Each structure stands twice: as structure tokens, then as C-alpha cells.
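A look at the structure
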Amino acid sequence: MKKLIVSLQKNKGYFIRLGLFLTLYGLIFHYHPDITARLYGYHTESSQPYFIYLFYPILGIFTLVKWKEISSMKPYKNNLWQTILFSLLALIIFLVPVKGFLLQYSHLQDVIPHQFIYYFPMFLGYSFLFIALFNIRFVRRFESELFLLIYTVCLYLIAEVLIEKFWFYFSDTILMALGSLLPLISKTVVIDPSQLMVKMENFTVNIGATCAGVYSLTTFSFLFVASLVLIRKKARIKKLQAGIAYIMGLGILYALNIVRIAIIITVGAFYSPDLAMELFHEYLSAIFLIGLFLLYLYHVFPKIVKKPL
């Protein structure tokens, strides 16, 4: 315990930079649409609900797996010019009127998905912000790992675009499951598959793309693969067990998504529609996802490697 405390104190500079980056990341992601609305007169939104959470588990995994190397680094001061330069580059990227560019060249929407047009410059800006806080010295020390993280984010974005086109298949399955589950709670349940609609009492929801579970499944896949790639540098992976664990994780997460929707409908029907949509709808899926992944991180991953981490 004493060694851990000493190690944390020795590397407080890393945690200060990390905390500052994650704080700025969250603030920028939250307020960026309002800033563009004030500056350019439009409000930019996207249907990708998990992107705001991505960097938190990504950097958590990075810190956990590379802790020995991070802790072995000597404390260093930021290079003032690097911090200023990359901060300015990040600021410029964040203030580029992305949607205005998209509207001006509207034909691009037929070639490039709007997610790329919005999120690619945003993540480029976050990359510059990361370099501004950690500086080039740190980035060079862990360039392969950081490149992997950026690469997997791009893969995640591609997967999101592809899977989004098939979300209605997931919605149909969820409606079938709710048709068996919800009548156990109330006899007033009405399900209309043609409208992807579920009604209980006076509360009605539509099982659209954001409720279909494809985003959480993609996020789990991304985190699972990224973790294995990082772990592989320190331990050999049992491929069969890893494959089984991955499939089981997808099944558990999909079942949890059905439970989440059932909870939202029950809370909205019998307690408060506002509470159901503003609290449970917005955060319950993220809680389930993070909880399941933490379970995997501490209990499943150690069992699918051929030597201890």
C-alpha cells in the first residue's frame, strides 16, 4: 500500500495532466454544440450516444496496462511552445464550422457519412489537446499504444456507420422479448411492430436506433479488442476462451439492454415519464456497459491469458 501511495505521488504530474484532459474533453463535448449555435447559428448533434464516454475507458485501460512504464518515467515540465502550439491547433479545429461546410457541400453526405464529417475533426482536436497537455516526449514514448487507440476509434466509427443501417433487426428482436416480459408487469401493454412502438398505461416509446443496443454492442466490441491488443504485449491470450468470453459479453449486454428498456417503460408508466427519459434513458445503458466491462477487466481477462498480467 505504501509503495502504491509513493508511486502515485511520484507520478502526480501524469494524473494532473490526465485529469485536466478528461475534464476539458467532457466540457468541450458537452458545450461544443452550444458554442457553434452562438457563433454560427446552428446546433450540431449526432446520434452517437457513446462517443462522449470513449476516452474515459480508453485512457483507463492505457493507464492500467502501461502503468509500469508510466511510473518509470521521470517527472517532466511541459514545453511551453509545444503546449501553446497544439492548444491553438486544437482550438482552431474545434471552432471550424463543420455543419456549415457540410451544408455548403451537401453532395458530400451521399459519399461520406455525416458522423465522419463531424467526429473526425473533433477527435483530431482532442488529439492536439492531448499533445498540448502531455507534450511530444510522452507521445513518442507511447506512440504505438496511442496510435492503436486512435486506430480503434476510427474502426469504431466505421462499425457504427455500418451497424446503424441494420438497427431495425435488433429492434424487432427487442420487441419480441418485451412482448414476453412486459405483460408480467402490466396487462395494459400494447406493442405495434409496424411502428416499433411499445405502450404501457399512458406511456409510449419507440424502439429506434438508439434503443436497439447496437451502439453499446459496438462499444463493448471496441473495448474488448483494444484490451486484448494491449494485453497481448504482456501475456499470451487463450484464443478460444477469448472468443467465448466475447460472445457471452455481447449476449449479456444485449439482454441488459432489453432489461434497460423494460425499466424505462415501467418507470415511465407508473412513476414519471420525465425521470424515465431524462435519467434512465440517458445513463442506464452507460452504467450497464461500464459495469460489465469492469467485470471483464478484473475477472474475465485474467482467465483468458496464459500467464498472469
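1. Quick look at the overall build of the chain
The helix and strand tally for the chain stands at 12 helices and three strands. Scored against the burial criterion, the 309 residues of the chain give a buried share of 44%. Considering only intrachain contacts with a sequence separation of at least 6, the fraction spanning at least 24 residues in the chain is 79%. Surface summary for the chain: the accessible area is close to 17300 Å², and the carbon and sulfur share equals 68%.

2. Digging into the packing of aromatic side chains
Each aromatic ring pair is summarised here by two numbers: the centre-to-centre distance and the angle between the ring planes. Applying the stated criterion across every chain, the model contains 28 aromatic pairs. Relative to Tyr126, the ring of Tyr25 has its centre 4.6 Å away and its plane inclined at 70°; by these criteria the two rings are edge-to-face. Here Tyr25 is found in helix α2 (residues 12-40), whereas its partner Tyr126 is found in helix α7 (residues 114-141), with 101 residues between them in sequence. The exposure classification of Tyr25 matches that of Tyr126, with both residues buried. Taking 5.2 Å as the distance between ring centres and 55° as the angle between the ring planes, the aromatic pair formed by Phe94 and Tyr126 counts as tilted. Highlighted residues: Phe94 in helix α5 (residues 80-95) and Tyr126 in helix α7, separated in sequence by 32 residues. Taken individually, Phe94 and Tyr126 each receive the classification buried, so the pair is uniform in this respect.

3. Remarks on the packing of helix α9 (residues 167-181) against helix α11 (residues 239-270)
Contact geometry for α9 and α11: axes closest at 10 Å, N-to-C directions at 60°. It follows from the interaxial angle that α9 and α11 lie oblique. Relative to α11, α9 is oriented so that their crossing is right-handed. For the pair α9 and α11, the contacting residues are Phe170, Thr173, Ile174, Ala177, Leu178 and Leu181 in the first and Tyr254, Asn257, Ile258, Ile261, Ala262 and Ile265 in the second. Residue composition of the contact of α9 with α11, by class: 10 nonpolar, two polar and no charged.

4. A short note on the environment of Val205
Turning to its location among the elements, Val205 is positioned in strand β3 (residues 203-206). Expressed as a C-alpha distance, the spacing of Val205 and Gly268, which sit 63 residues apart in the sequence, is 9.3 Å. Once residues within four sequence positions are removed from consideration, Val205 is found in contact with Leu196, Met197, Val198 and Ile265.

5. Comments concerning a positive patch on the surface
Together, Arg232, Arg236, Lys239 and Lys306 make up a positively charged patch on the protein surface. Topologically, Lys306 is positioned in the segment after α12 (273-300).

6. Considering the pairing of strand β2 (residues 197-200)
Moving residue by residue along a regular strand, the side chains alternate between the two faces of the sheet. Where strand β1 (residues 190-192) lies against β2, three bridges are found, and the strand directions are antiparallel. Each residue of the ladder has a partner; that of Asp192, found in β2, is Met197. Taken together, β1 and the strand that follows it, β2, pair antiparallel across an intervening segment of four residues, in which Leu196 is found at a positive phi of about 55°. With four bridges joining them, β2 and β3 adopt antiparallel strand pairing. Pairing of Val198 across the sheet is with Val205, part of β3. Counting the residues in the hairpin turn of β2 and β3 gives two residues, including Glu201, whose phi is positive at 55°.

7. Brief notes about the sheet that holds β2
With antiparallel pairing, three strands are arranged side by side in an open sheet as β1-β2-β3. At either margin of the open sheet sits one strand with a lone partner, and together these are β1 and β3. Neighbour-to-neighbour, the strand axes of the sheet open up by a mean angle of 15°, direction not taken into account.

8. Brief notes about the environment of Ser171
With respect to the helices and strands, Ser171 occurs in helix α9. When residues no more than four places from it in sequence are discounted, the contact partners of Ser171 are Leu196, Ile207, Gly208 and Ala212.

9. Here we look at the nonpolar core
Counting residues in each nonpolar core, the largest one holds 83 residues, and the members touching the most others are Phe21, Tyr126, Phe134, Phe138, Leu178, Ile207 and Phe301. The greatest single-element share of this core, amounting to 13 residues, is contributed by α7.

10. Let's talk about the confidence of the model for the chain
Confidence in the prediction of the chain, expressed as mean pLDDT, is 80, and 82% of residues score 70 or more. Put simply, helix α1 (residues 2-10) is where the chain has its lowest mean pLDDT, 58, and α5 is where it has its highest, 93.

11. Some points on α5
In an α-helix, one turn spans 3.6 residues; hence positions three or four apart end up facing the same way. Given a rise of 1.5 Å per residue, 16 residues ought to cover 22 Å, and the 23 Å separating the end C-alpha atoms of α5 matches this to within 8%. The complete set of buried residues in α5 reads Phe86, Ala90, Ile93 and Phe94. Buried residues of α5 fall within an arc of 95° about the axis and therefore sit on the same side. Every exposed residue of α5 that faces more than 90 degrees away from the buried side is listed here: Leu80, Trp81 and Ile92. You can read the cap of α5 off the contacts: a side-chain oxygen lies 3.0 Å from the backbone nitrogen of Trp81, and it is on Asn79.

Cut-offs used in this document
Residues numbered from 1 in each chain as written. Predicted model: local features only at pLDDT ≥ 70, side-chain atom pairs only at ≥ 80, totals over all residues. Heavy atoms only, no water. Helix = DSSP H or I, 4+ residues; strand = E, 2+ residues; numbered from the N terminus. Buried < 20%, exposed > 50% of the residue type's maximum accessible area, 1.4 Å probe, protein only. Contact = heavy atoms within 4.5 Å. Areas by Shrake-Rupley, 256 points an atom, 1.4 Å probe, with all protein chains shown as cover. Phe/Tyr/Trp six-rings, centres within 6.5 Å; stacked < 30°, edge-to-face > 60°. Axes fitted to C-alpha atoms, helices over the stretch in contact; angles between N-to-C directions. Parallel < 35°, antiparallel > 145°, perpendicular 65-115°, else oblique. Left-handed = near helix turned anticlockwise from the far one by under 90°. Nonpolar A, V, L, I, M, F, W, Y, C, P; charged D, E, K, R; others polar. Patch = residues over 30% accessible without salt bridge, like charges linked within 9 Å, V, L, I, M, F, W, Y side chains within 5 Å. Salt bridge = Lys/Arg side-chain N within 4 Å of Asp/Glu carboxyl O. Lys, Arg positive; Asp, Glu negative; His and termini not counted. Charge placed at Lys NZ, Arg CZ, Asp CG, Glu CD. Pairing = 2+ DSSP bridges. Core = buried A, V, L, I, M, F, W, Y, C linked by side-chain atoms within 4.5 Å. pLDDT = per-residue confidence, 0-100. Expected span 1.5 Å × (residues − 1). Arc of directions from axis to C-beta. Polar contact = N/O pair within 3.5 Å; in protein donor to acceptor, adjacent residues only side chain to side chain.

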